[in-house]
Amino acid sequence: MTPHQDTPEDQPRHTQAPAQARGRRRRATLLAAAVDLLTEGGFAAVTHRAVAQRADLPLSATTYYFASRDQLLAEAFAQLVEAELATTRAWITDHGLTALPDQVATADRARQLGLWELYVHAGRDPVLQHIARRWTDGCVRIVADTLHLPETDTRVRLLYTTLTALWLEHVVEQRPLDQARDLLTHAVKTAENTLPPP
């Protein structure tokens, strides 16, 4: 009689769990390396080889966990977007909309440039475009919640557009913060002055 050999399904769950946890850690390490490379060197810096070297893992690991460079970039972009939305919401909750230029000024400029670079590149990539829309929709939702207005309200969209323009100007052109504060304060007051009485 041939001895029975355990298949993966036959193996005890306690032996599968460590392997799964190790796989999740390796994947997270690779993704973190991709985010770091993206923020340091932009879109072109993220390659399978560079990510593997940064993560101190074999090259085969990147192709095992990420089928393509596009998938790696998309997941790095999604992670950046979620982190940015959480940071922005927390800052506005603590300091108000008009203080947002100060948050942008203290943020990692390389990280911001990487985020915006992928946002622009999303115009050529439907997968990235979907993630870019999540970023826009998330920012609009934050503004709407702050003003206690529905996301479809025109004032919300106008204020979001002002925020985005000032944000991009500062990150790319590094214009003086005083100008951004003044413009944003004016835009917020205009929106608040047109709100109906409670």
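Quick caveat: nothing in here was measured; it's all calculated off a predicted structure. (Residues numbered from 1 in each chain as written. Predicted model: local features only at pLDDT ≥ 70, side-chain atom pairs only at ≥ 80, totals over all residues. Heavy atoms only, no water.)

Description of the overall build of the protein chain
- Scanning the protein chain from N- to C-terminus turns up nine helices and zero strands.
- Looking at the 198 residues of the protein chain, the share that counts as buried comes to 38%.
- Of the contacts formed within the protein chain by residues at least 6 apart in sequence, a portion of 63% connects residues at least 24 apart.
- Here the protein chain displays about 11800 Å² of accessible surface, and carbon together with sulfur accounts for 54% of that area. (Helix = DSSP H or I, 4+ residues; strand = E, 2+ residues; numbered from the N terminus. Buried < 20%, exposed > 50% of the residue type's maximum accessible area, 1.4 Å probe, protein only. Contact = heavy atoms within 4.5 Å. Areas by Shrake-Rupley, 256 points an atom, 1.4 Å probe, with all protein chains shown as cover.)

With respect to the packing of aromatic side chains
- Counted under the stated rule, the structure contains six aromatic pairs.
- Seen from their ring centres, Y119 and W135 are 5.4 Å apart, and the 85 degrees between their planes marks the pair as edge-to-face. Taken together, the residues Y119 in helix α6 (residues 109-121) and W135 in helix α7 (residues 126-147) connect sequence positions 16 residues apart.
- Classification of Y119 by relative accessible area gives partly exposed; the value is 28%. (Phe/Tyr/Trp six-rings, centres within 6.5 Å; stacked < 30°, edge-to-face > 60°.)

So, the confidence of the model for the protein chain
- With 88% of its residues at a pLDDT of 70 or more, the protein chain has an overall mean of 85.
- Averaged over each element, pLDDT in the protein chain is lowest for helix α1 (residues 13-41) (82) and highest for helix α2 (residues 48-55) (94). (pLDDT = per-residue confidence, 0-100.)

As for the environment of R26
- Tracing the sequence through the fold places R26 in helix α1.
- Spatially, the C-alpha atoms of R26 and A55 are 8.5 Å apart, while their sequence positions differ by 29 residues.
- When sequence neighbours within four positions are dropped, the list of residues in contact with R26 reads L57, P58, A61 and Y65.

Some remarks on the nonpolar core
- Judged by nonpolar contacts, the single largest core of 56 residues is most densely connected at L30, V46, V51, F77, L97, W135 and L159.
- Apart from residues no more than four positions distant in its own chain, V46 is found in contact with A34, L37, L38, V51, R69, L72 and L73. (Core = buried A, V, L, I, M, F, W, Y, C linked by side-chain atoms within 4.5 Å.)

Quick notes on the packing of helix α4 (residues 69-95) against α7
- The N-to-C vectors of α4 and α7 enclose an angle of 5 degrees; their axes lie 10 Å apart at closest approach. Between α4 and α7, the crossing angle belongs to the class labelled roughly parallel. Together, L73, A74, F77, A78, V81, E82, E84, L85, T88, R89 and I92 of α4 and V127, L128, I131, A132, R134, W135, G138, C139, R141, I142, D145 and T146 of α7 make up the contact between the two elements.
- In terms of residue class, the contact of α4 with α7 is built from 14 nonpolar, three polar and six charged. (Axes fitted to C-alpha atoms, helices over the stretch in contact; angles between N-to-C directions. Parallel < 35°, antiparallel > 145°, perpendicular 65-115°, else oblique. Nonpolar A, V, L, I, M, F, W, Y, C, P; charged D, E, K, R; others polar.)

Some points on unusual backbone geometry
- One non-glycine residue with positive phi stands out, namely D56, at about 60 degrees.
- Looking at the element boundaries, D56 is found in the loop between α2 and α3 (59-65).
- Using a relative accessible area of 69% as the deciding quantity, one classes D56 as exposed.
- Look at Q174: it is not a glycine, yet its phi comes out positive at around 55 degrees.
- Structurally, Q174 can be placed in the loop between α8 (154-173) and α9 (177-193).

Comments concerning the pattern of salt bridges
- Across all of its chains, the model carries 10 salt bridges by this definition.
- Salt-bridge contacts for D102 lead to R181; the nearest nitrogen and oxygen are separated by 2.7 Å. Taken as a pair, D102 in helix α5 (residues 100-106) and R181 in helix α9 lie far apart in primary sequence, 79 residues in all.
- A relative accessible area of 24% means that D102 is categorised as partly exposed.
- Across the salt bridge formed by R175 and E173, the nearest N and O atoms sit 2.5 Å from each other. (Salt bridge = Lys/Arg side-chain N within 4 Å of Asp/Glu carboxyl O.)

Focus: a nonpolar patch on the surface
- Taken together, the side chains of L113, L168 and V172 make up a nonpolar region of the molecular surface, amounting to roughly 210 Å² of accessible area.
- Looking at the secondary structure, you find V172 in helix α8.
- Accessibility expressed as a relative area gives 47% for V172, which makes it partly exposed. (Patch = residues over 30% accessible without salt bridge, like charges linked within 9 Å, V, L, I, M, F, W, Y side chains within 5 Å.)

Examining the packing of α8 against α9
- Across the interface, α8 lies against α9 with an axial gap of 10 Å and an inter-helix angle of 180 degrees. One way to sum up the angle between α8 and α9 is to call them roughly antiparallel. On α9, the residues that touch R155, L159, T162, L163, L166 and H170 of α8 are L177, A180, L183, L184, A187, V188 and A191.

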